[in-house]
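Listed here are the chains, written in short residue letters.
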Amino acid sequence: MSETLIAQLNRLKNRLNELNYAYYVLDNPLVSDPQYDELYQQLLKIEAEHPELISSDSPSQRVGDQPLDHFTSVTHAVPMFSLDNAFNQDDLVDFQRRVKERLNTETEVEFSAEPKMDGLAINIRYQQGKLFQATTRGDGITGEDVTHNIRTMPSVPLQLLGTGWPEVLEVRGEVFMSKQTFNNLNAKQAEQGEKVFANPRNAAAGTLRQLDPKIAAKRKLSLYLYGWGEISSDWQLPENYYAAIQAFKNWGLPVNPDSEVVIGAGGMQAYYDQLQQRRAELPYEIDGIVYKVNQLDSHQQLGFTAKAPRWAIARKFPAEEVWTDLLDIEIQVGRTGALTPVARLEPVAVGGVIVSNATLHNLDEIERKDVRIGDKVIVRRAGDVIPEVVGPVIAQRPDGVRKFIMPTTCPACDSEVVKEHDKAVYRCTGGLYCPAQRKRALQHFVSRKAMDIVGLGDKLIEQLADMDLVKHPDDFYKLDVETLANMQRMAQRSAQNVVDAITDSKQTTLARFIFSLGVPEVGEVTARNLANHFGSLEKIAQAQLEQLIEVPDVGDIVAENIVTFFQQTHNQEVIQGLIDAGIHWPAPQQLEAVASPFTGKVVVLTGTLQQLTRSDAKQKLEALGAKVTGSVSAKTDFLIAGEKAGSKLTKAESLGVQVLSEAEWMEMINNG
Ligand code: IVH
């Protein structure tokens, strides 16, 4: 084979890639469409004559021939998180305040502000610069392999451009359908008597879910990248998020041209106003704006909650609103006794779902909005958020509307209702005597992130509680197949499954157990922090306020809730009952037993770590018996320095403290 043919083929491939990049990413076409086609035909001709020269990164190979017969699940190398939401400027002011507090700074924070594309998240993995795999977000841990469809998108490079990209590069972004493509598609679908899509997001999702890549190739999906997953350590992330995204763009990857860097809450507001004005003209659908702290070492410091990063927030645009009749206002009693007024509505479709209940939050809200039973009301639903009543349509108020009166006794147990000092919350004082509170507590106990007892659904728990078969969580462990089989809609077989699930749940973790107890304001993350910090239930139960507030995420109020909870005799009895039933968890790490080079040593972490978050690194060191502190002193034994370490590194060097890179540290753990 002549060398010149290969060279010619490569030249064509590179040129076509460049033209694609100019067209799709830079939005700046370099040649006319027929000129492009001409080059493409030349490529096809050579490949037809020499099929042995066809490589997977050739522009001709975007549409593979064979449809898949099923999707494959792929576990993400780095989980794909979601975002917390903000609904108004106050929420953004709060967001910046929290960020400043955690970063311990007074200065205004720099944010990347970007449109929140209404599509679906994707992870695209490049290895040695070649497109290797594309996966949907799925549940954040595992997604589906949709490489065959993503390859068909002309804006997605099969081969990264330029040089300097890392060996492994996972980029993340949103796959979406432009408004124009969506309208054309729906018109065509309707014409052919096919299903029309409710919105561009559904159309994009429906397209990615096709097994046959020819469909995706026709439907023209778009992509903007806004993040990354795994990146091998041969590339050093720049100092800020915006620069990282620009680096992706230089490698040929599409990024949103409408993103900007803004400063402080004022900057976030100005961007919001500007984008909201342009919203209708934008070529793509958006449902809000995403703000991300720009400085990347701050991401390390801020870390993640269970579901979302603390360095980002999504401000949603006001949601869809409709009018309907408010039939009645009923009271729901929550797990901690809070009485929530719930609107019973004439069923109505909002944002694609039928709504017949909506929260009214609390009495203050009802009074502030002056909502009355019998009113015509405005109902709003934003994304997957619970629908809410915005207010009455005063001009349409019928005669005979009634004001809502908060009951003075609990509708579930008749106990006295008290208004919480300084707050709008009314609470039932019945505690665990209140069947409604008990039911909520029981439902929480078995929930997925708590003891995870599958098969014990809300309805079954209601029945068991109403029949006094289960009063407290420990009673679950006394249930037998016979009792369960006598419940409504329960066959012998499902009863057996429930009993098996209850038995299985006995082996758990300390964090889950703490969370399942339902201590007010102790969520999943706090429970995990408590478990890691104290290592045993006894220590948590006996902890004083001062010890509790040392735990990350635990403030004065939470600490007080914890102390009060463990002091109450009935709680102690329930816990004892659960332990007696056989609930157990792996023993806490015996710190002394883990002989490691770090046992008993004082360690400081600095700079940006590649393989672990700062808090995971700290936990790991603590598990190895190290004491992790914040500043370098003569007492420090080791400084572990990530990328771009600053003053701590200088100080450590001047004090003669042993400095380890992240890789050296990992090696010591793995070999020692
Ligand atoms: S960042 C860990 N940026 O919104 C941060 N998400 O509500 C991950 N989305 O799952 C997301 N535009 O599908 C980010 N500019 C943007 C976005 C964006 C749309 C979607 C994404 C994510 C969801 C979270």
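Each remark here, short or long, concerns the structure printed above.
What counts, and at which threshold
Residues numbered from 1 in each chain as written. Predicted model: local features only at pLDDT ≥ 70, side-chain atom pairs only at ≥ 80, totals over all residues. Heavy atoms only, no water. Pairing = 2+ DSSP bridges. Helix = DSSP H or I, 4+ residues; strand = E, 2+ residues; numbered from the N terminus. Contact = heavy atoms within 4.5 Å. Axes fitted to C-alpha atoms, helices over the stretch in contact; angles between N-to-C directions. Phe/Tyr/Trp six-rings, centres within 6.5 Å; stacked < 30°, edge-to-face > 60°. Buried < 20%, exposed > 50% of the residue type's maximum accessible area, 1.4 Å probe, protein only. Lys NZ or Arg CZ within 6 Å of the ring centre and 35° of its normal. Core = buried A, V, L, I, M, F, W, Y, C linked by side-chain atoms within 4.5 Å. Salt bridge = Lys/Arg side-chain N within 4 Å of Asp/Glu carboxyl O. Near = heavy atom within 4 Å. Polar contact = N/O pair within 3.5 Å; in protein donor to acceptor, adjacent residues only side chain to side chain. Nonpolar A, V, L, I, M, F, W, Y, C, P; charged D, E, K, R; others polar. Patch = residues over 30% accessible without salt bridge, like charges linked within 9 Å, V, L, I, M, F, W, Y side chains within 5 Å. Areas by Shrake-Rupley, 256 points an atom, 1.4 Å probe, with all protein chains shown as cover. Lys, Arg positive; Asp, Glu negative; His and termini not counted. Charge placed at Lys NZ, Arg CZ, Asp CG, Glu CD. Parallel < 35°, antiparallel > 145°, perpendicular 65-115°, else oblique.

### Quick look at the sheet that holds strand 11 (residues 312-316)
Item 1. If you trace the five strands from one edge of the open sheet to the other, you get 2-11-10-3-9, paired in mixed fashion. Looking at which strands have only one partner, the edges of the open sheet turn out to be strand 2 (85-86) and strand 9 (260-263).
Item 2. With respect to the sheet, helix 3 (residues 89-103) is in contact with strand 2, strand 3 (110-117), strand 10 (286-293) and strand 11, its orientation differing from that of strand 11 by roughly 175°.
Item 3. Against the sheet, helix 9 (residues 264-278) engages strand 3, strand 9, strand 10 and strand 11, with an angle of about 135° to strand 9.

### Let's talk about the packing of aromatic side chains
Item 1. For the coordinates displayed, the defined rule picks out 19 aromatic pairs.
Item 2. Taking the centre distance of 5.9 Å and the plane angle of 80° together, the rings of Phe-304 and Trp-311 count as edge-to-face.
Item 3. The class of Trp-311 is buried, set by a relative accessible area of 15%.
Item 4. Through pairs of rings, three or more aromatic residues link up here, namely Trp-228, Trp-235, Tyr-241, Phe-248 and Trp-251.
Item 5. The lysine or arginine in question, Arg-315, covers the ring of Tyr-272, its NZ or CZ lying 3.5 Å from the ring centre.

### Points about the nonpolar core
Item 1. In terms of nonpolar packing, the biggest core is built from 52 residues, with Phe-476 and Leu-530 touching the most fellow members.
Item 2. Setting aside chain neighbours within four positions, we find Phe-476 in contact with Leu-442, Phe-445, Val-446, Leu-456, Ile-461, Val-470 and Ile-502.

### With respect to the pattern of salt bridges
Item 1. Per the stated rule, a full pass over the model turns up 29 salt bridges.
Item 2. Arg-397 is the partner of Asp-370 in a salt bridge, and the nearest nitrogen-oxygen pair spans 3.4 Å. Here the residue Asp-370 occupies a position in the loop between helix 11 (363-369) and strand 15 (376-381), and Arg-397 occupies one in the loop between strand 16 (388-392) and strand 17 (417-419), the gap between them amounting to 27 residues.
Item 3. Here the salt bridges do not stand alone but share partners, grouping Arg-125, Glu-170, Arg-172 and Glu-230 into one network.

### Some details on the site of the ligand
Item 1. Around the ligand, a shell composed of Phe-81, Leu-83, Glu-114, Pro-115, Lys-116, Met-117, Ala-121, Glu-174, Tyr-226, Val-290, Lys-292 and Pro-309 is seen.
Item 2. One of the side-chain N or O atoms of Lys-116 is found 3.2 Å from an oxygen atom in the ligand.
Item 3. Contact between the ligand and Lys-292: a nitrogen atom at 3.0 Å from a side-chain N or O atom of the residue.
Item 4. Looking at the shell around the ligand, the elements that each hand over two or more residues are strand 3 and strand 10.
Item 5. Element by element, the count of residues in the shell around the ligand is highest for strand 3, at four residues.
Item 6. Residue classes in the shell around the ligand are distributed as eight nonpolar, no polar and four charged.

### Some remarks on a positive patch on the surface
Item 1. A contiguous patch of positive charge, built from Lys-188, Lys-214, Lys-218 and Lys-220, is present on the exposed surface.
Item 2. Locating Lys-188 in the fold gives a position in helix 5 (residues 179-191).
Item 3. Looking at Lys-188, the relative accessible area reads 46%, which means it is partly exposed.

### As for the packing of helix 20 (residues 556-567) against helix 21 (residues 569-580)
Item 1. Their axes nearest at 5 Å, the elements helix 20 and helix 21 cross at an angle of 75°. The angle between the axes of helix 20 and helix 21 places the two elements in the roughly perpendicular class. In this structure, helix 20 uses Phe-565, Phe-566 and Gln-567 to contact helix 21, whose residues at the interface are Thr-569, Asn-571, Gln-572 and Ile-575.
Item 2. Grouping the amino acids of the contact of helix 20 with helix 21 by side-chain chemistry returns three nonpolar, four polar and no charged.

### A short note on unusual backbone geometry
Item 1. Non-glycine residue Asn-104 carries a positive phi angle of around 60°.
Item 2. By secondary structure assignment, the location of Asn-104 is in the loop between helix 3 and strand 3.
Item 3. Judged by its relative accessible area of 73%, Asn-104 falls in the exposed class.
Item 4. Here the phi dihedral of Lys-644 falls at roughly 55°; this positive angle occurs in a residue that is not glycine.
Item 5. Among the structural elements, Lys-644 can be located in the loop between strand 21 (638-641) and helix 23 (647-655).
Item 6. Lys-644 sits in the partly exposed class, given a relative accessible area of 40%.

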